[in-house]
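Listed here are the chains, written in short residue letters.
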Amino acid sequence: MFYRFETDAPMFGGPERADIAHCRLILSGTGHVRFGDGTAFELHKNCIIGPRNRASYISGEGPGSVIGFGMLPLGWAALTGVSVEPYVERIADARDLLGPIVDLCRGALAGVKTLKDAATALEPILAASFENSRELPVAFKHAVDAWLAETLSPKFDDLVSMTGLSRNKAESHLRTLYGASPQLFIRKSRALRVANRIAHGEGDWQDYVGDAYYDQSHCIREIKYFTGLTPATLRAAPSFATDVQYRRRRTSPLDAHDPVI
């Protein structure tokens, strides 16, 4: 999940949807993020943006060049070894969480011209870190994937039954791995999955909502809360960041039920 952002514009910005954690190495330019609660931060040159449970706004001053990669829940656990929950909608210096591999990654990017070259340079560095990671909650992650695949509006009790855990333990695992309460996680998953359908579909966007929401206004509020855009805007005039995210989603080998891709 590597990506590259390049711009010659003196100023740029746009909404980003609720998302997984990202590590971004800013090679030139500056950046800022304003989270959904209104708090704003300048991005470090070696930056980790924690998971976001609502839309945020990214802006910066160019010319800008950024190489980044997303960290899926198990990737976060492997690379950091800590719960994701304290980092939800927060900015961290990547060196504080990932250690020396950040300098190795940055050094490997010297002279890199293409995204393919960047991925080739970074993959072995990150792979070595994964090899040294502690035991990961793979079984729970697989259970969550199966739980989400069943319906757009899953019931938390079903996840509890599938895992054999107590409600408190299952919620604790969900917060540690995804950084959200069960209710918020279900809302986020549903909104991003419906938004993904709308962004990919043709014809009336309402056709892709099904019975996921009470009515159209409920759908619009939820989609905007988690993506920063209305359903119609997702189709007609997505932001740069949103367009990249959903183009990436179309080519992803992962199933469409995944709430964080």
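Reading guide: rules and limits
- Counting restarts for each chain: residues are numbered from 1 in the order of the written sequence.
- Whole-chain, interface and lining totals are the exception, using all residues; otherwise, since this is a predicted model, local features are given only for residues with pLDDT of at least 70 and side-chain atom pairs are given and counted only at 80 or more.
- Each side-chain value is derived from all of the structure's non-hydrogen atoms; neither hydrogens nor water enter the calculation.
- Between rings of Phe, Tyr and Trp, where Trp is taken as its six-membered ring, a pair exists when centres lie within 6.5 Å; planes separated by under 30 degrees are stacked, by over 60 edge-to-face, and by other angles tilted.
- To qualify as a helix, a DSSP run of H or I must reach at least 4 residues; to qualify as a strand, a run of E must reach at least 2; elements of each kind are numbered from the N terminus.
- Throughout, nonpolar core names a set of buried Ala, Val, Leu, Ile, Met, Phe, Trp, Tyr and Cys residues whose side chains join them through atoms within 4.5 Å.
- Remark: exposure states derive from per-residue accessible area (1.4 Å probe, protein chains only) relative to the maximum for the residue type, with buried under 20%, exposed over 50%, and partly exposed in between.
- Every residue pair with non-hydrogen atoms within 4.5 Å of one another is taken to be in contact.
- Think of a salt bridge as a Lys or Arg side-chain nitrogen and an Asp or Glu carboxyl oxygen that are within 4 Å of each other.
- Of the grid points, spaced at 1 Å and generated over the protein atoms alone, those admitting a 1.4 Å probe that cannot get out make up cavities, while open sets with protein on both sides within 12 Å along at least five of seven lines make up pockets; any residue with an atom within 4 Å of a point is treated as lining.
- Grid points are joined across faces, edges and corners, and a volume is the space filled by probe spheres set on the points.
- Any residue that is not Ala, Val, Leu, Ile, Met, Phe, Trp, Tyr, Cys, Pro, Asp, Glu, Lys or Arg is counted as polar, Gly included; the first ten are nonpolar and the last four charged.
- pLDDT expresses, on a scale from 0 to 100, how confident the predictor is about each individual residue.
- The directions from the helix axis to the C-beta atoms form the arc being described.

Undergrad: Explain the packing of aromatic side chains to me, please; I cannot follow it from the model alone.
TA: In this description, an aromatic ring pair is defined by two values, namely the gap between the centres and the angle between the planes. Inspection of the entire model under this criterion finds seven aromatic pairs. Taken together, a centroid distance of 5.9 Å and an interplanar angle of 65° make the contact between F2 and F69 edge-to-face. Taken together, the residues span a long stretch of sequence, with F2 in strand β1 (residues 2-7) and F69 in strand β6 (residues 56-71) at a distance of 67 residues. Ring geometry for Y225 against F226: centres 4.8 Å apart, planes inclined by 70°, an arrangement best described as edge-to-face. An aromatic cluster is present here, built from W147, Y178 and F185 joined pairwise through their rings.

Undergrad: Looking at this structure, how should I read the nonpolar core?
TA: Soluble globular proteins: nonpolar side chains tend toward being buried together. With 23 residues, the main nonpolar core has C23, I48, M71, W76, L79, L98 and L109 as its most contacted residues. Contributing elements (two or more residues each) for this core: β3 (21-34), β6, α1 (73-80), α2 (94-98), α3 (101-108) and α4 (115-131). Per-element accounting of this core gives the leading share, four residues, to α4. The contact partners of C23, leaving out residues within four places of it in the chain, are Y3, C47, I48, I67, G68, F69, M71, A94 and L98. By size, the runner-up hydrophobic cluster in this structure holds 17 residues, among which are L74, A77, V160 and F185.

Undergrad: I would appreciate a short explanation of the pattern of salt bridges in the present structure.
TA: Pairing is possible between side chains of opposite charge, provided their charged atoms come close. Following the criterion strictly, the structure yields 10 salt bridges and no others. The salt bridge involving D145 is made with K141; its shortest N-O contact spans 2.9 Å. With a gap of four residues between them, D145 and K141 both fall in helix α5 (residues 138-150), about one helical turn apart. For K141, a relative accessible area of 10% gives the class buried. Among the charged side chains, a network of salt bridges with common partners joins E16, R24 and R52.

Undergrad: Honestly, empty space enclosed by the protein in this entry has me stumped. Any pointers?
TA: Gaps between atoms show up when a probe of the same size as a water molecule is rolled over them. All chains considered together, the criterion is met by two cavities of 30 Å³ or more. Its boundaries defined by the atoms lining it, the largest cavity holds a volume of some 120 Å³. Lining the largest cavity are 16 residues, and of these I20, P51, P73, L177 and Y178 sit closest to its centre. Of the residues in the lining of the largest cavity, the class split is 13 nonpolar, one polar and two charged.

Undergrad: For this particular structure, what's the right way to read the environment of G179?
TA: Locating G179 in the fold gives a position in the loop between α7 (167-178) and α8 (182-200). The class for G179 is buried, based on a relative accessible area of 7%. When the C-alpha positions of G179 and V84 are compared, they lie 5.6 Å apart, and in sequence the two are 95 residues distant. Beyond its immediate chain neighbours, meaning those up to four positions away, G179 contacts N53, V84, E85, V88 and L174.

Undergrad: Is there a simple way to think about the confidence of the model for the protein chain in this case?
TA: When pLDDT drops low, the exact placement of atoms in the prediction is not to be read closely. Of all residues in the protein chain, 89% attain a pLDDT of 70 or more, and the chain-wide mean is 87. The model gives residues 250-261 a pLDDT under 50, and that stretch makes 31 contacts with residues more than four places away or in other chains.

Undergrad: When you look at α3 in this model, what are you seeing that I'm missing?
TA: Three- or four-residue spacings in an α-helix give side chains the same orientation, since the helix completes a turn every 3.6 residues. Looking at α3, one finds that the buried residues are I101, V102 and C105. Mapping the buried residues of α3 onto a view down its axis gives an arc of 105°, with all of them on the same face.

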